[in-house]
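Letter by letter, the chains look like this.
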Amino acid sequence: MKHIKTLNTQTLNNTVKKGGCGECQTSCQSACKTSCTVGNQTCENAK
Amino acid sequence: MIHQYQNNGYNIVLDVNSGAVHVVDQEAYDVIEVLNRMNEDHTVETLKSPETAEALKKELGEKYSEKDLLDILEAVTELTEQGRLFTKDIYESFIDVVKQRKTVVKALCLHIAHDCNLACKYCFAEEGEYHGRRALMSYEVGKKALDFLIANSGTRRNLEVDFFGGEPLMNWQVVKDLVAYGREQEKLHDKHFRFTLTTNGVLLNDEVQEFVNKEMDNVVISLDGRKEVNDQMRPFRNGKGSYDLIVPKFQKLAESRNQEKYYIRGTFTRNNLDFSKDVEHFADLGFKQMSIEPVVGDDTEPYAIQKEDLPQIFEEYDKLAKFLIEREKSGRGFNFFHFMIDLEGGPCVSKRLSGCGSGTEYLAVTPWEISTHVISL
């Protein structure tokens, strides 16, 4: 039986190499003005 | 750095520095917990050392078989080798790079109207007036703001403009004129404006809806959930609740946008710490894109959330997660903004280190002037 199942294939440290292109959306514009939600931003280049 | 937790029948292990998310069985959960307690900075070498295997057997040998423990240790070592467990924090050195980068302005929040037709009790804008006199943004100020954005956006192509208030529909003609101006300018400067509108819906009508559907990338519509919850905090100036007037309009708008590119967005307060019921209410009303956020306000306000409320709030998010899964399974799923996490194409390190951009890349413009006043934090 497999004890560990990994959900994602990308690793964050790989994104360091590319640096930030800055094209992504400004976080709080999607749904809120009162909380800073960076965590669920989508990368424009990954689309 | 490893963060692990159990939720809704799942054992989740998050390797913070790589962003890897693992679902594990109870045995692996316990093994990782012990390993992490032993040494937070494990490397492939330390994991492979006989001392580690011995320590593991000593701690968990009575609970699990030796074979299982060693199998799991091997799997953990393999993942560490791949950079998916016990990953080192290599980001500290990038903080200065990010801090020193030349920023451009990517987005503006236009306070189209410092005025409002509702008198929400928790309004950080003092019923739309932002602690000052009532004012509407003139077309001239708005135009200069768009010019400023284009001029300071560098090579960034997608520019975001939020029509915000107060209530922006109280200055609707200026919104329409600014969109027209933006569309004309974007062609000249090879830019693309993404307009969004945040509205309480009171003045929403067919004409507004048609324009919004043609021009706005996103619409944020404000409702707090159940009628009694909404009407307690979001009354008109005469004290009457707003729910009955706005809900049918919001339902119509959401349908007309094919249930996409909008958010119905509520605020929860100490009066509705059971806010998962309000999200449920949104879903029952047929909305598919939703968000609900904790109120921001002075601690002395009766509606302010207190520290002792946190356990209940955490529980509500768990209830909400279960509810969302049930709905999804029954074919009536919906999106909850704060649960939408793209594990594969999420924000890069640079974005995580630079944050939301408020005050640097994202500025607010009042009817009077461009301001670095940060309204979102």
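Residues numbered from 1 in each chain as written. Chains lettered and ligands numbered in written order. Predicted model: local features only at pLDDT ≥ 70, side-chain atom pairs only at ≥ 80, totals over all residues. Heavy atoms only, no water.

Looking at an unreviewed UniProt entry, one finds chain A named Six-cysteine peptide SCIFF, with [Ruminococcus] torques L2-14 as its source organism.

S.K.: Which residues make up the pairing of strand β11 (residues 289-294) of chain B, and what are the values?
M.R.: For a regular strand, the rule is simple: side chains alternate between the two faces of the sheet. Residues and elements named next belong to chain B. Counting buried positions along β11 yields five of six residues, so the element is predominantly enclosed. One ladder, built from five bridges, connects strand β10 (residues 262-268) with β11; its direction is parallel. Counted as the bridge partner of T267 is E293 from β11. Each parallel crossover has a hand, and the one from β10 via helix α11 (residues 276-284) to β11 is right-handed. (Buried < 20%, exposed > 50% of the residue type's maximum accessible area, 1.4 Å probe, protein only. Helix = DSSP H or I, 4+ residues; strand = E, 2+ residues; numbered from the N terminus. Pairing = 2+ DSSP bridges. Right-handed = clockwise from strand over helix to strand, strands pointing away.)

S.K.: So what's going on with the pattern of salt bridges? Which residues, and what values?
M.R.: Residue and element names in this part refer to chain B. All told, the structure shown has 26 salt bridges over all chains when counted by the stated rule. Measuring nitrogen to oxygen at the nearest pair gives 3.2 Å for the salt bridge that ties E186 to R183. Here E186 and its partner R183 are both found in helix α7 (residues 172-189), three residues apart, which amounts to about one turn of the helix. In terms of burial, E186 and R183 fall into one category: buried. Among the salt bridges present, the one from E215 reaches K214, with a minimum N-O distance of 3.6 Å. E215 sits in the buried class, given a relative accessible area of 12%. Salt bridges sharing common partners tie together R183, E186, K214 and E215. (Salt bridge = Lys/Arg side-chain N within 4 Å of Asp/Glu carboxyl O.)

S.K.: Can you lay out the packing of aromatic side chains for me, pointing to particular residues and giving the numbers?
M.R.: Residue and element names in this part refer to chain B. According to the stated counting rule, one finds twelve aromatic pairs over all chains in the structure shown. Taken together, a centroid distance of 4.9 Å and an interplanar angle of 70° make the contact between F336 and F339 edge-to-face. When its relative accessible area of 1% is taken as the criterion, F336 is described as buried. Ring-pair connections join several aromatic residues into one group, and the members of that group are F268, F275, Y317, F336 and F339. (Phe/Tyr/Trp six-rings, centres within 6.5 Å; stacked < 30°, edge-to-face > 60°.)

S.K.: Give a description of the environment of B:R134 that names residues and reports values.
M.R.: Mapped onto the fold, B:R134 is located in the loop between β5 (113-114) and β6 (135-136). Between the C-alpha atoms of B:R134 and B:D115, which are 19 residues apart in sequence, the distance is 5.5 Å.

S.K.: Tell me about the sheet that holds strand β1 (residues 4-6) of chain A, and please be specific about residues and values.
M.R.: Taken in spatial order, the four strands make up an open sheet running β1(A)-β3(B)-β2(B)-β1(B), and their pairing is antiparallel. The open sheet terminates on both sides in strands that have one partner only, identified here as β1 of chain A together with β1 (2-7) of chain B. For this sheet, the mean inter-axis angle between neighbouring strands, taken without regard to orientation, is 25°. Contacting β1 of chain A together with β1, β2 (10-15) and β3 (20-24) of chain B, helix α1 (residues 26-38) of chain B crosses the sheet at an angle of about 150° to β1(B). (Axes fitted to C-alpha atoms, helices over the stretch in contact; angles between N-to-C directions. Contact = heavy atoms within 4.5 Å.)

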